[in-house]
Number of protein chains: 2
Amino acid sequence: MANQNETITLIGAGLVGSLLAVMLAKRGFKVEVYERRPDMRATDISAGRSINLALANRGIYPLQQAGLMEQVKPILTAMKGRMVHDMQGNQNFQSYGQRPEEVIYSVSRGDLNIICLNAAEATGRVNIYFNQNCQKVDLDNNQLTIKDELSSEFKTIAFNRVIGTDGSNSAVREAIHAIESSQHDIISLGHSYKELRIPPGPNGEFLIDKHSLHIWPKGGYMIIALPNEDGSFTVTLFMANEGEISFESVKTPEQVEQFFNQHFPSIVPLLPDLQKDFFENPTGKLATVKCSPWHFKDKALLLGDAAHAVVPFHGQGMNCGFEDALDLIETIDEYGDDWAEIFTRVDEHRKINGDAIADMAIENYITMRDSVTDEKFLLRNALAFELENRFPKHFCPRYSMVMFHRLPYAEAKSRGVIQEDILKELTADVQSVEQVDFEQAESLIYAKLTEVNLNP
Amino acid sequence: MANQNETITLIGAGLVGSLLAVMLAKRGFKVEVYERRPDMRATDISAGRSINLALANRGIYPLQQAGLMEQVKPILTAMKGRMVHDMQGNQNFQSYGQRPEEVIYSVSRGDLNIICLNAAEATGRVNIYFNQNCQKVDLDNNQLTIKDELSSEFKTIAFNRVIGTDGSNSAVREAIHAIESSQHDIISLGHSYKELRIPPGPNGEFLIDKHSLHIWPKGGYMIIALPNEDGSFTVTLFMANEGEISFESVKTPEQVEQFFNQHFPSIVPLLPDLQKDFFENPTGKLATVKCSPWHFKDKALLLGDAAHAVVPFHGQGMNCGFEDALDLIETIDEYGDDWAEIFTRVDEHRKINGDAIADMAIENYITMRDSVTDEKFLLRNALAFELENRFPKHFCPRYSMVMFHRLPYAEAKSRGVIQEDILKELTADVQSVEQVDFEQAESLIYAKLTEVNLNP
């Protein structure tokens, strides 16, 4: 075990930072957390940015390990599949999985964060300091420069080991990359997003199916909606920054009205505050960030968005960050107080998986906005379920690997490529699952796929 | 020809911006240039950062096309090869080329910039505005937000077409990448540099050979020195940011003295101002920046460091930027006023070459600090010259392709890889050029290399 008199300093008390604080404290560490924003338990700070998130199995497992799932369960809304809406208002339900437990959950970012913050403080070993903006990390002298956002005063604070859970503008990352040979890649998608809201019905009821992730797919752009506990849905429009159909071409109230009536007529009646939401909420850019290294010697480590920013189309940003945090804990359990080794190992374990989910998330944008209305896609999806039933030790649909299981993302990605080839080959000349040659399927699967360990 | 009533706006009047302004003006365009810094003709603004640069053939050619070489020649100091210094003060000269004209030139960045600024203004079609910091480029509405650095006031200026020659923190790049699907990669080398100075001798004489690029190679780190017209040399120490031998471990005057005495004893007598220079000059970080796209529709284009930052070990940053500028001019000559096509073509032509020289520059760090003392490297270099003599239509040493010729960097890089394989194969079991099997050489070269067009 690690030296439990040790103090670990975290920068950032968001989802990953606050969950990690709980887990470190339960291992006996003292934890000091500096958070730039005000305490969200005292202030309402949500403003049109990712109000709810999708929680999947690999995000649930770390919450279970931290002993938090009993508190989290009441705030979860299960989503069993995609509800695909067409122009006429027709709805087509596509199940995510085949078993009752194969669902993902919509959860309020703020409510989940508050559970983690409360649990961290309840350990008695975590101090969280709010309005404390870490602006510089001096890795030579083990010192943080912190600006108090209320008094605008600066102070210097010593640390032993610092973990950057400080998001996409991470000061810890900047410090590591200023010293080490490093790479930092920003891949902008050229698309942005805007959050809107479907309010509850007059009696607090859900106006569209509560247990679905709703999609209005349009090829190059789309709207999605995730349920909230209160009967409302958080709606997100995704489209290009410029071009014929783009944020550039929707700038006036008249253009907004015309745009939604023309392209999304079936959602318009559900959006009474469309104009207000559209102009008051920010337009968020979509970008992937990959970097390396994620650590510096035995002194600093990056986790969550500080290490990897992914686009939201697989709903895995938080889930990946929670896995990062658990991997650190498990690696501490294995390597004791050899922090250089611990940080090196976590970097090795997680960097390849962060890259893999980043790539899969971009692919899933195409799936959501486009493929979900494609007959071949639906056929291959149906066949994937059938192959999972017939060859459960070898075949698991890629979406299921990512969302319902915990095998490493990199493995899900590489198996997914092989599986996609198999699905394409088997469906090349058929119109339904019944017409598939399952002897051919068997020989392809056994030849190309090893047995899979879905929950290592 | 392009519409010559057109006004082109440049951001940045550094080397690339000011040369481009000359060339555009000579094509008949009106050119407006906004430069963040004061006018260097009125203010001394050099401060320990790349006081002199290496000018090579591919940088000379655009200067010739702009009609500036007669003015530039007097400020050039030819460097015929590397002078490699060892610990005992012995010097070993390694010629860069085989012919008298195969030299590179040391040139003062400031003096060269001033020639270009004067020439630009002398055309009567260029306005250069100094102390004008372009902070935002609005590509939707064709407007620049400029901060006057003297008055701190902001103003908005309209543009038709904007070219970003505004260096590594380019505002034009930021604007393009905020809209377009884009990629921006920063590769930090983990090494930094510090400029020092060898003053002239008592009678203004050069204290070491005037016509060499001097290197004190040490394996993982090195010092180089380039001659200045006044008899002095600009000296640069390159080494790692951290580790046993690194900037991290050389922080006090005593450490500086001990470090140079231990690792660079033969240069110490030449550096009377070592302590002052070391502590007054900044420590510069070394990084490569690659990005795409370099253009936005018919509105904006990036050239020079704004599009590509390379490490300085091939001395090609400025040369590449000058080639960028000439490529734009030649593409305008070809496509007239179809600016969308012009910018697309320049992006296509130059991006692959910017990437190639970035990669070759990193490789050349290893060559300079390490390989120049390696027997096999020297043998392969000698053989490369011999193969150039025997097979001049097919074989040109890679250093020569980059420094003495103008074939595209990407081609120099790919031919260089093939040639290196040939050199390795031919020298695997021999100790001297005389022992090489030239029949084998002939068959390898004809099998693997096409004829080369060195100056297309």
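Residue positions are given per chain, counting from 1 as you read along its sequence in written order. Each chain takes a letter, starting from A, and each ligand takes a number, starting from 1, following the order in which they are written. A pLDDT threshold of at least 70 governs which residues receive local features in this predicted model, and a stricter bar of 80 or more applies before side-chain atom pairs are shown or counted, although totals over entire chains, interfaces and linings include all residues. With hydrogens and water set aside, each side-chain value is computed from the structure's full complement of heavy atoms.

**Looking at the overall build of chain A**
Step number 1: Secondary structure follows DSSP: runs of H or I at least 4 residues long count as helices, runs of E at least 2 residues long count as strands, and numbering of each begins at the N terminus. In terms of regular secondary structure, chain A is built from 13 helices and 20 strands.
Step number 2: In terms of overall size, chain A behaves like a compact globule, its C-alpha atoms giving a radius of gyration of 23 Å where 456 residues would be expected to give roughly 23 Å.
Step number 3: Once the C-alpha set of chain A is aligned to its principal axes, its extents read approximately 65 × 60 × 40 Å.
Step number 4: Burial classification: accessible surface area is computed with a 1.4 Å probe over protein chains only, and a residue below 20% of its type maximum counts as buried, one above 50% as exposed, and the rest as partly exposed. Put simply, chain A has 456 residues, and 58% of those count as buried.
Step number 5: Here the accessible surface of atoms and residues is derived via Shrake-Rupley with a 1.4 Å probe, and residues count as covered only by protein chains that are part of the display. Approximately 18,500 Å² of chain A is accessible, and the part contributed by carbon and sulfur atoms is 46%.
Step number 6: Positive residues here are Lys and Arg, negative ones are Asp and Glu, while His and the chain termini are left out of the count. By convention, the charge on Lys lies at NZ, on Arg at CZ, on Asp at CG and on Glu at CD. Of the side-chain charges in chain A, 43 are positive and 64 negative, and the distance between the mean point of each set is 2 Å. In this treatment the radius of gyration is a C-alpha quantity, and the globule benchmark scales as 2.2 Å times the residue count to the 0.38 power.

**Some details on the interface of chain B and chain A**
Step number 1: Whether two residues are in contact is decided by their heavy atoms, any of which lying within 4.5 Å being enough. In this assembly, 22 residues from chain B lie in contact with 22 residues from chain A.
Step number 2: Note that Asp140 of chain B and Lys251 of chain A form a salt bridge whose closest N and O atoms lie 2.5 Å from each other.
Step number 3: Polar contact is the term for a pair of N or O atoms within 3.5 Å; when the atoms are in protein, one must be able to donate a hydrogen and the other to accept it, and sequence-neighboring residues count only if both atoms are side-chain atoms. The interface formed by chain B and chain A contains 12 residue pairs in polar contact (both at pLDDT 80 or more).
Step number 4: At nine residues, the largest contribution of residues to the side of chain B that touches chain A is made by strand β13 (residues 182–198) of chain B.
Step number 5: Only Asp, Glu, Lys and Arg are considered charged in this grouping, and only Ala, Val, Leu, Ile, Met, Phe, Trp, Tyr, Cys and Pro are considered nonpolar; every other residue, Gly among them, is considered polar. Grouping the amino acids of the side of chain B that touches chain A by side-chain chemistry returns six nonpolar, eight polar and eight charged. When a carboxyl oxygen of Asp or Glu lies within 4 Å of a side-chain nitrogen of Lys or Arg, that pair is called a salt bridge.

**Here's the deal with the packing of aromatic side chains**
Step number 1: Pairing of aromatic side chains requires ring centres within 6.5 Å, counting the rings of Phe and Tyr and the six-membered ring of Trp. Pairs whose planes differ by under 30 degrees are stacked, by over 60 edge-to-face, and all others tilted. Summed over the entire model, instances satisfying the criterion amount to 38 aromatic pairs over all chains.
Step number 2: Relative to Phe343 of chain B, the ring of Trp339 of chain B has its centre 5.6 Å away and its plane inclined at 65°; by these criteria the two rings are edge-to-face. A residue pair is termed a helical-turn pair when its members lie 3 or 4 positions apart in one helix, as Trp339 of chain B and Phe343 of chain B do in helix α9 (residues 339–369) at four residues.
Step number 3: Owing to a relative accessible area of 3%, Trp339 of chain B belongs among the buried residues under this scheme.
Step number 4: These aromatic residues form a ring-pair network of at least three members: Tyr221, Phe247, Phe259, Phe260, Phe264, Phe278 and Phe279 of chain A.
Step number 5: Stacked on the ring of Tyr61 of chain A, the Lys or Arg Arg406 of chain A has its end atom at 3.6 Å from the ring centre.
Step number 6: Charge-over-ring placement is defined geometrically: NZ (Lys) or CZ (Arg) within 6 Å of the ring centre, and within 35 degrees of the ring normal. Just above the ring of Tyr365 of chain B sits the side chain of Arg369 of chain B; from NZ or CZ to the centre is 4.4 Å.

**Comments concerning the pattern of salt bridges**
Step number 1: Scanning all chains against the criterion turns up 48 salt bridges over all chains.
Step number 2: Notably, a salt bridge pairs Lys30 of chain A with Glu32 of chain A, separated by 3.1 Å at the nearest N-O pair.
Step number 3: In this structure Lys30 of chain A comes out as partly exposed when scored by relative accessible area, which is 35%.
Step number 4: Its relative accessible area of 12% is what places Glu32 of chain A among the buried residues.
Step number 5: The salt bridge partner of Lys290 of chain B is Asp359 of chain B, with a shortest N-O separation of 2.7 Å. Residue Lys290 of chain B is located in strand β17 (residues 283–292), and its partner Asp359 of chain B is located in helix α9; the two are separated by 69 residues in the primary sequence.
Step number 6: Judged by relative accessible area, Lys290 of chain B falls into the buried class, the value being 19%.
Step number 7: It is possible to trace a salt-bridge network through shared partners that takes in Arg58, Glu323, Asp324 and Arg350 of chain A.

**Concerning the confidence of the model for chain A**
Step number 1: How sure the predictor is of each residue is captured by pLDDT, a score from 0 to 100. Per-residue pLDDT for chain A averages 94, and the proportion of residues at 70 or more is 98%.
Step number 2: The ipTM for the predicted assembly is 0.78, set against a pTM of 0.85.

**A look at the sheet that holds strand β7 (residues 104–108) of chain A**
Strand pairs in the sheet, formed through backbone hydrogen bonds, run parallel or antiparallel to each other.
All names here are of chain A.
Step number 1: Two strands qualify as a pair provided DSSP detects at least 2 bridges between them. Taken together, the three strands give an open sheet; going across it, the order is β3-β7-β4, and neighbouring strands pair in antiparallel fashion. Looking at which strands have only one partner, the edges of the open sheet turn out to be β3 (52–55) and β4 (77–79). On average, adjacent strands in this sheet sit at an angle of 35° to one another, irrespective of strand direction.
Step number 2: Across three bridges, the pairing between β4 and β7 is antiparallel. The residue bridging Thr77 from the neighbouring strand is Ser106, located in β7.
Step number 3: Docked against the sheet, helix α4 (residues 109–122) engages β3 and β7, running at close to 80° with respect to β7. Every axis in this analysis is a line fitted to C-alpha atoms, fitted for helices over the stretch in contact. Angles between the N-to-C directions lie between 0 and 180 degrees.

**Here we look at the relation of the copies chain B and chain A**
Step number 1: Residues below a pLDDT of 70 in either copy are left out; the C-alpha atoms of the rest, at least 70 in both, set the least-squares superposition of the copies. Of the transformation superimposing chain B on chain A, the axial component is 0.0 Å and the angular component is 180°, with the fit at an RMSD of 0.0 Å. Both copies of the chain, as the preceding transformation shows, are related through a two-fold rotation axis. Rotation axis and chain B: the residue whose C-alpha lies nearest the axis is Asp185 of chain B, separated from it by 2.1 Å.
Step number 2: Of the interface residues in chain B, 100% have counterparts in chain A that sit at the interface too, so the contact is made through matching surfaces.

**Regarding the environment of Pro408 of chain A**
All names here are of chain A.
Step number 1: When you line up the elements, Pro408 lands in the loop between α11 (398–404) and α12 (409–427).
Step number 2: By relative accessible area, Pro408 is classed as partly exposed at 30%.
Step number 3: For Pro408 and Lys276, which are 132 residues apart along the polypeptide, the C-alpha to C-alpha distance reads 42 Å.

**What about the side chain of Glu180 of chain B?**
Step number 1: For Glu180 of chain B, the position within the fold is in the loop between α5 (171–179) and β13.
Step number 2: It turns out Glu180 of chain B is buried and unbridged, and the closest side chain with the opposite charge, Lys297 of chain B, is 7.4 Å from it.
Step number 3: In this structure Glu180 of chain B touches Ser188, Gly190 and Glu242 of chain A together with Pro293, His295 and Phe296 of chain B, once residues within four positions along its chain are discounted.

**Here's the deal with the side chain of Thr288 of chain B**
All names here are of chain B.
Step number 1: The residue Thr288 is located in strand β17 in this model.
Step number 2: Given the relative accessible area of 1%, Thr288 is considered buried.
Step number 3: Leaving out residues up to four positions away in the same chain, Thr288 has contacts with Asp185, Ile186, Ile187, Ala309, Val311, Ala358 and Ile362.

**Some remarks on the domain arrangement of chain A**
Residues and elements named next belong to chain A.
Step number 1: If you check the domain split of chain A, you get domain 1 (7–73 + 109–186 + 287–364), domain 2 (189–285) and domain 3 (374–448).
Step number 2: With 18 residues of domain 1 at the interface, the matching set in domain 3 holds 14 residues.
Step number 3: For the pair domain 1 and domain 3, the summed buried surface comes to about 1,400 Å²; carbon and sulfur atoms form 55% of the total.
Step number 4: Note: buried area is the sum, over both parts, of the accessible area (probe 1.4 Å) each one loses when the two are combined. By the criterion of area lost to domain 3, the three top residues of domain 1 are Arg58, His314 and Met360, representing 42% of everything that side buries.
Step number 5: For Arg398, the salt bridge is made with Glu363, and the minimal N-O distance between the two is 2.7 Å.
Step number 6: Across the contact surface, domain 1 and domain 3 share 12 residue pairs in polar contact (both at pLDDT 80 or more).
Step number 7: For the side of domain 1 that touches domain 3, the per-class residue count stands at seven nonpolar, six polar and five charged. Start and end positions for the domains come from either an automated domain assignment or a database one.

**Points about helix α1 (residues 15–26) of chain B**
Residue and element names in this part refer to chain B.
Step number 1: The end-to-end C-alpha distance of α1 is 17 Å, a good match for the 16 Å that 12 residues give at a rise of 1.5 Å each.
Step number 2: The element α1 is largely enclosed, with a buried count of 11 among its 12 residues.
Step number 3: Those residues of α1 that fall on the buried side of the exposure criterion are Leu15, Val16, Gly17, Ser18, Leu19, Leu20, Ala21, Val22, Met23, Leu24 and Ala25.
Step number 4: Two residues or fewer after α1 comes Gly28, characterised by a positive phi angle close to 100°. In a helix, the anticipated span is given by 1.5 Å times the number of residues less one.

**Describing the sheet that holds strand β4 (residues 77–79) of chain B**
All names here are of chain B.
Step number 1: Ordered in space as β3-β7-β4, the three strands form an open sheet in which the pairing is antiparallel. Looking at which strands have only one partner, the edges of the open sheet turn out to be β3 (52–55) and β4. In this sheet, neighbouring strand axes are inclined to one another by 35° on average, regardless of whether the strands run parallel or antiparallel.

**Thoughts on the pairing of strand β1 (residues 7–11) of chain A**
Consecutive residues of a regular strand have side chains that alternate between opposite faces of the sheet.
All names here are of chain A.
Step number 1: Along β1, four of the five residues are buried, which leaves the element largely enclosed by surrounding structure.
Step number 2: Taken together, the five bridges between β1 and strand β2 (residues 30–34) define a ladder with parallel strand orientation. Bridging from a neighbouring strand, Thr7 pairs with Lys30 of β2.
Step number 3: A right-handed crossover is one whose linking path, passing over the helix from the first strand to the second, runs clockwise when the strands point away from the viewer. For the crossover from β1 across helix α1 (residues 15–26) to β2, the handedness is right-handed.
Step number 4: Sheet analysis places β1 next to strand β12 (residues 161–164), joined by four bridges and oriented parallel. Of the residues in β12, the one forming a bridge with Thr9 is Val162.

**A short note on unusual backbone geometry**
Step number 1: The omega angle of the peptide bond from Ser292 of chain A to Pro293 of chain A is -5°, so this bond is cis rather than trans.
Step number 2: Structurally, Pro293 of chain A can be placed in the loop between β17 (283–292) and β18 (295–296).

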